[in-house]
Structure formats: structure tokens, C-alpha cells
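# Coordinate inspection notes
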Amino acid sequence: MCGRYAVTTDPALLAAEIDAEDETEGTELDVPGYNVAPTTTIVTVVARHSREAPADPATRRLRAMRWGLLPHWQKTLSGPPLFNARAESVDEKPAFRTAITSKRCLVPMDGWYEWQLLDDPEQVKKPRKQPMYLTPADGTRLYVAGLWSVWRPAGAGLDVPPTLSATVLTTDSVGPLRDVHDRMPLVLTPDVFDEWLDPDGPVDPALLRPPAQEIAERIEIRPVSTLVNAVKNDGPQLIERTEPGSEPGQLSLL
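Quick caveat: nothing in here was measured; it's all calculated off a predicted structure.

### A short note on the pattern of salt bridges
Under the definition given, this model contains 11 salt bridges. With a closest N to O distance of 3.0 Å, Arg61 and Glu23 form a salt bridge. Here Glu23 lies in the loop between strand E2 (21–22) and strand E3 (33–36) and Arg61 lies in strand E5 (residues 59–67), a separation of 38 residues in the sequence. For Arg61, a relative accessible area of 9% translates into the label buried.

Structure, rendered in C-alpha cells:
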């Protein structure tokens, strides 16, 4: 699963990096954010046609969205946020099967957090978990497959501004990442970005498969402080390497 991540790149720089139009201007974004959590407003990448020239090719845009997909038929904002979707069954779920056909997105991140269950013979009541930060060892960025939706309250007209929301796709972990957790975000490579974002065509099932082994092998698995356990905590100290047991409460529960 992926329920917490870090992103530090300014949207304007990100837009230039991937040749996209920045539509996030004027939106309150927590960037840099070292402890991004569900219901936070996040940056996503979509491909859409121009309203003025719908016949022109779709272009990439950065859009701010709520992390936690809201199906268009949901009546209120309340309820558990759908912040993850399983890639292997996404087309079977009512909440996601519409989005997978034409509303696919990318979620840029520096890395994500996972909590590794540790063997501890002395802990008999509750298992201990070590927070890990998983990030490209070379300092590059990750782009994770996602879905998005347009939501308005029940009975609202088109004059009511919609809420855009997104979910992150997860898949079976591969390579050394399996030692941390059995699930991971579905990381995509630049050569398939256009195909994934294409709003006019169905998704190629091959894009929903787990990433290649070599992608996982390039990801550093870094133990970090239990400060990340609390959503209120933020800052670069959260992604600094902290050896297990080197701080008070290092192995506290998530």
C-alpha cells in the first residue's frame, strides 16, 4: 500500500521537467511536503484536450487534486478516502472502473513510506513496525500510476466548482521491496507516460503489471524516524536515515 509519501519539487519546475502546463497556480499546496497523507491536496499529471480546440491532441497538465478518490456517484465528502486502488482488480471495482477508461493520471513523488513488520520475540502483544523511506538511490523522481475523478455534491449544478480527487495504484512488490511490504505503488517509466495518460484509449493491461525488477533494485530502502508516524510532523528530518533503535520510541507502532 501507499498511504504516505514525500514530494519536494515546486510545481512550476515539475511542469517544465515533463513539458506540462501548470494549472495548480492559486491552489494551496503543501510543497515541499515530507509527510503527505490522504485528504491532502496533491499535484497530479493528466492529459486532456483543450475545450477551445477539442480535436487537437491532448496535452499534459498539472492539476491539484484531493488524495482520496471520490466516485462521481458518492453523495458527500464523508467516508473513508479511497487513496489506493489495486492495479490487478481496478477495472472490476465500481469506484474505479469508470476512471480507468479515460481518467488516468501520474502522481509525482520523491519517495514513499512503508512500515516494515519486525520479528521481535520479546514483543508478545503487538508487533513492532519500523518506518522505511523508499526512494530512488540516484535522487531522481518517481511517477506513480493513479486514477482521478470529478465530483460534485448530489443535486449540484454545473455552476458548482467540482472537486477533483485521485487515488494511487498499488501492485505486488518486486525484488528487495518484498522484504518491506507485499504491496508497492505502481511506478511507471517515462517511455509509457503518454500511453498511460491517453484519455482517448483503453488502458493496455501490460501497464498494470508490477514494475520490472531493475526498477525495484534502484530504490533505496532507508530506515527513518518514527516522527513520520504522526501526520502533523513534517520537514526534511523525516527522510533522514535513522538506524533502528537509535532514538527513544524508534519502534513505536504506526
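### Concerning the state of the cysteines
On inspection of all chains with the given rule, the structure shows 0 disulfides. In this structure Cys2 is not part of a disulfide, and its nearest cysteine sulfur, from Cys105, lies 12 Å away. A residue is classified by how much of its surface remains accessible, and Cys2, at 0% relative accessible area, is buried. Judged by its relative accessible area of 0%, Cys105 falls in the buried class.

### Overview of the pairing of strand E8 (residues 111–118)
On a regular strand, each side chain points to the face opposite its neighbour's, so the side chains alternate between the two faces of the sheet. Counting buried residues in E8 gives 6 out of 8 residues, a clear majority hidden from the surface. With 2 bridges connecting them, strand E1 (residues 5–7) and E8 associate as antiparallel partners. Along E8, the bridge assignment pairs Ala6 with Gly111.

### Description of the sheet that holds E8
Spatially, 5 strands are ordered E3-E1-E8-E9-E14 in an open sheet, and the strand pairing comes out antiparallel. With partners counted over all chains shown, the strands left at the sheet margins are E3 and strand E14 (219–223), one partner each. The sheet shows a mean angle of 30 degrees between the axes of neighbouring strands, taken without regard to direction. The sheet contact formed by E1 and E3 spans 2 bridges and is antiparallel. Its bridge partner being in E3, Tyr5 is matched across the sheet by Val36.

### Quick notes on the side chain of Thr167
You can see Thr167 is positioned in strand E11 (residues 163–172). Exposure remark for Thr167: the relative accessible area of 0% places this residue in the buried category. Only 2.9 Å separates the side chain of Thr167 from the backbone oxygen of Leu82, close enough to count as a polar contact.

### Structural notes on the nonpolar core
Ranked by size, the top nonpolar core spans 29 residues in total, and within it Leu62, Leu106, Leu147, Leu169, Leu188, Trp196 and Leu208 carry the most contacts. Contributions of two or more residues to this core are made by helix H1 (11–17), strand E4 (41–48), helix H2 (99–102), strand E10 (142–151) and helix H3 (193–197). Counting residues in hydrophobic clusters, the runner-up holds 28 residues, among them Met65, Met132, Trp148 and Ala216.

Procedures and definitions
Residues numbered from 1 in each chain as written. Predicted model: local features only at pLDDT ≥ 70, side-chain atom pairs only at ≥ 80, totals over all residues. Heavy atoms only, no water. Salt bridge = Lys/Arg side-chain N within 4 Å of Asp/Glu carboxyl O. Helix = DSSP H or I, 4+ residues; strand = E, 2+ residues; numbered from the N terminus. Buried < 20%, exposed > 50% of the residue type's maximum accessible area, 1.4 Å probe, protein only. Disulfide = S-S within 2.5 Å. Pairing = 2+ DSSP bridges. Axes fitted to C-alpha atoms, helices over the stretch in contact; angles between N-to-C directions. Polar contact = N/O pair within 3.5 Å; in protein donor to acceptor, adjacent residues only side chain to side chain. Core = buried A, V, L, I, M, F, W, Y, C linked by side-chain atoms within 4.5 Å.

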